[in-house]
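Read off the chains here:
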Amino acid sequence: GENVEQHPSTLSVQEGDSAVIKCTYSDSASNYFPWYKQELGKGPQLIIDIRSNVGEKKDQRIAVTLNKTAKHFSLHITETQPEDSAVYFCAASPGYSTLTFGKGTMLLVSP
Amino acid sequence: SQTIHQWPATLVQPVGSPLSLECTVEGTSNPNLYWYRQAAGRGLQLLFYSVGIGQISSEVPQNLSASRPQDRQFILSSKKLLLSDSGFYLCAWTPGTHRGLNTEAFFGQGTRLTVV
């Protein structure tokens, strides 16, 4: 089955800096790569996703890049704000199987 | 619009007691339904998923079971809770019917279970 590795486990940045979270996956058949944000005591919410037919997708301060050859994808957050502090999860899935999640990254943005 | 309801929000149960967590989805039909467990505030472990009424797939052998008595209702149960069952339980759904399983998942707000 699919295996997703996520790094780092914790990331601390100053407000206004950029944050990058990286994930690798094992199943070359995976073609859907979402990113979720989970605030304390709540369920995860999708913030951005990408499919294997594109290499990059951007939504305001958030962007995701995908390298299918290397089997890795990354989340980029620019101009971080304190409200960006949360746990972020990457996930990957081929069409025949459920999402496999990474172990999460706790992002701390200091004012 | 679609909504997902999960209850209760918090639960404290003694070891050996039964468990029943309920999840319902509104505003869609034939959803794929999922139960995840999150231990120590991190990591999402898929426990069960269902692509239709009465169809349950178990991902991890454990002390828990799941049932789907109605199209938009998913129940997580245990006959006798263990200390190790403590955690944050999340229900989720994805659009069903020939959409595959690799689409956006919508999560409920979770149930914090503490077994004492």
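Above: the structure in question.
It should be emphasised that the depicted structure is a prediction, and the values quoted were computed from it without experimental measurement.

Analysis parameters
Residues numbered from 1 in each chain as written. Chains lettered and ligands numbered in written order. Predicted model: local features only at pLDDT ≥ 70, side-chain atom pairs only at ≥ 80, totals over all residues. Heavy atoms only, no water. Disulfide = S-S within 2.5 Å. Helix = DSSP H or I, 4+ residues; strand = E, 2+ residues; numbered from the N terminus. Buried < 20%, exposed > 50% of the residue type's maximum accessible area, 1.4 Å probe, protein only. Salt bridge = Lys/Arg side-chain N within 4 Å of Asp/Glu carboxyl O. Contact = heavy atoms within 4.5 Å. Buried area = accessible area lost by both parts, 1.4 Å probe. Polar contact = N/O pair within 3.5 Å; in protein donor to acceptor, adjacent residues only side chain to side chain. Nonpolar A, V, L, I, M, F, W, Y, C, P; charged D, E, K, R; others polar.

1. Regarding the state of the cysteines
So, step 1. Going through the model one piece at a time under the given rule, you end up with two disulfides over all chains.
So, step 2. Here Cys23 of chain A is linked by a disulfide to Cys90 of chain A, with a sulfur-sulfur distance of 1.9 Å. In this structure the cystine formed by Cys23 of chain A and Cys90 of chain A twists about its S-S bond by roughly -100°; its chirality is therefore left-handed. Of this pair, Cys23 of chain A sits in strand S3 (residues 19-25) while Cys90 of chain A is found in strand S9 (residues 86-92), placing the two residues 67 residues apart along the sequence. The pair formed by Cys23 of chain A and Cys90 of chain A is uniform in burial state, with each residue classed as buried.
So, step 3. What pairs with Cys23 of chain B in a disulfide is Cys91 of chain B, and their sulfur atoms sit 2.0 Å apart. The sign of the -75° torsion about the S-S bond sets the Cys23 of chain B-Cys91 of chain B disulfide as left-handed. Taken together, the positions of Cys23 of chain B in strand S3 (residues 19-26) and Cys91 of chain B in strand S9 (residues 87-94) put the pair 68 residues apart, joining distant regions of the chain.

2. Quick look at the pattern of salt bridges
Residues and elements named next belong to chain A.
So, step 1. Scanning the model with the defined rule gives six salt bridges over all chains in all.
So, step 2. The residue Lys37 makes a salt bridge to Glu39 at a minimum N-O spacing of 3.7 Å.
So, step 3. Beyond isolated ion pairs, a larger network of salt bridges with shared partners links Lys37, Glu39 and Lys42.

3. A closer look at the interface of chain A and chain B
So, step 1. Each partner contributes to the interface: chain A provides 25 residues, whereas chain B provides 19 residues.
So, step 2. Contact between chain A and chain B buries roughly 1,700 Å² in total, counting both sides, with carbon and sulfur atoms accounting for 55%.
So, step 3. Linking chain A with chain B are zero salt bridges.
So, step 4. Our enumeration of links across chain A and chain B arrives at four residue pairs in polar contact (both at pLDDT 80 or more).
So, step 5. Counting residues per element, the side of chain A that touches chain B draws most heavily on strand S4 (residues 32-38) of chain A, which supplies three residues.
So, step 6. A breakdown of the residues in the side of chain A that touches chain B according to their chemical character gives eleven nonpolar, eleven polar and three charged.

So yeah, pure geometry; function would need other evidence.
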